[in-house]
Amino acid sequence: MFYAQCPPRRLRAMLTQIYEISTIEEASAVSAIGVDHVGVLVGDGRFPRELPISAASEIAAAIVPPSKFSALFLTCDLSLIASWARELNPAIVHLGASAELLSPQDVASLKRMLPGKVVMRSIPVFGEESVAIARSYVGIADFLLLDSYRATDKQIGALGVTHDWGISRRIVDLAPVPVVLAGGLGPDNVAEAIRTVRPAGVDSKTRTDQDGSHAKDLDRVRRFHEAARAAAPS
Ligand SMILES: O=C(O)c1ccccc1NCC(=O)[C@H](O)[C@H](O)COP(=O)(O)O
């Protein structure tokens, strides 16, 4: 259930990650499909759809290994993140606050507060500056998640749109840690994204949701996972 140590830069198979899991039934179904990272949005409700610790904990208990629990925190309050992460003990602490609100130094402090914990940092991909932002996390984050971003948002991602994959490819080429590509990915474009960017993993939220809802469409999740695995470079 946990990463025993920091993950290697290149993983054996294309890693898949699905957000946002919000029920016990979704957690067990998505892990039965074989998704590697089962993502739950956790918080105190300041951001829409954040789940409290009690609900997140019940959902986490329904995740079947080897699938791993990834807890996404959108807040930039380090003490809150540390205390929630200690309570939930997810395999992955995923940090989604915007680059302005949460710096590499903050993430390094958090790592000291949570010794041994695997941390994934979302990187906003919106232009040249994104390469420098990604570089600033070298030696700090255990995973990078490259995601689409809307200027002025306090959080990164969940926009359902792709970004410039050329920039993402450059970040993959420089990063010494596994990079997960996110942003507008679904069953129909994930293979092309993998061929173009060559990430260690791929993430999906909106395009594996049911139409007009944040509940998961399990057929879309299965097709996303299978298309990603099939597109993994050998
Ligand atoms: O999962 C969420 O609800 C969420 C909310 C706000 C910011 C990020 C969120 N998820 C983080 C992820 O890694 C998403 O899966 C990622 O942003 C991809 O989103 P999409 O473009 O909708 O596939």
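How each quantity is defined
Residues numbered from 1 in each chain as written. Predicted model: local features only at pLDDT ≥ 70, side-chain atom pairs only at ≥ 80, totals over all residues. UniProt positions renumbered as here; feature names shortened; annotations may be inferred. Helix = DSSP H or I, 4+ residues; strand = E, 2+ residues; numbered from the N terminus. Rg over C-alpha atoms; globule rule 2.2 N^0.38 Å. Buried ≥ 20, exposed ≤ 12 C-beta atoms within 10 Å, placed from the backbone. Contact = placed C-beta atoms within 7 Å. Near = placed C-beta within 6 Å. Nonpolar A, V, L, I, M, F, W, Y, C, P; charged D, E, K, R; others polar. Pairing = 2+ DSSP bridges. Right-handed = clockwise from strand over helix to strand, strands pointing away.

- The chain is annotated in an unreviewed UniProt entry as N-(5'-phosphoribosyl)anthranilate isomerase from Bradyrhizobium zhanjiangense.
- UniProt's Pathway (unreviewed entry) comment on the chain is quoted here verbatim: "Amino-acid biosynthesis; L-tryptophan biosynthesis; L-tryptophan from chorismate: step 3/5."

Remarks on the overall build of the chain
Here is step 1: A count of helices and strands for the chain gives eight helices and eight strands.
Here is step 2: Relative to the globule expectation of 17 Å for 234 residues, the C-alpha radius of gyration of the chain, 16 Å, shows essentially globular dimensions.
Here is step 3: If you line up the chain on its principal axes, its C-alpha atoms span 40 × 40 × 35 Å.
Here is step 4: Across the 234 residues that make up the chain, the buried fraction comes to 45%.
Here is step 5: Considering only contacts in the chain between residues 6 or more positions apart, those separated by 24 or more positions represent 62%.

Examining the UniProt feature "domain: N-(5'phosphoribosyl) anthranilate isomerase (PRAI)" (unreviewed entry) in the chain
Here is step 1: Under the UniProt annotation, the feature "domain: N-(5'phosphoribosyl) anthranilate isomerase (PRAI)" (unreviewed entry) is placed at residues 71-226.
Here is step 2: The distance separating the terminal C-alpha atoms of residues 71-226 is 23 Å; by composition the span is 35% helix and 18% strand.

Topic: the site of the ligand
Here is step 1: Near the ligand you find 24 residues, and of these Y19, E20, G157, K205 and T206 are the closest.
Here is step 2: Counting only elements with at least two residues in the shell around the ligand, the list comes to β6 (143-148) and β8 (201-204).
Here is step 3: Looking at the shell around the ligand, the element that brings in the most residues is β6, giving three residues.
Here is step 4: Per-class residue counts for the shell around the ligand are nine nonpolar, nine polar and six charged.

Here we look at the pairing of strand β4 (residues 92-95)
Here is step 1: Burial along β4 is two-sided: I92 and H94 and V93 and L95, pointing in opposite directions, are all buried.
Here is step 2: Pairing of strand β3 (residues 68-73) with β4, which is carried by four bridges, proceeds in the parallel orientation. Bridge pairing in β4 places F73 opposite L95.
Here is step 3: Handedness of the crossover is the feature at issue here: the chain leaves β3, passes through helix α3 (residues 78-88), returns alongside β4, and the resulting connection is right-handed.
Here is step 4: Note that β4 and strand β5 (residues 118-125) share four bridges and pair parallel. In the sheet register, H94 faces β5, and the bridge partner there is M120.

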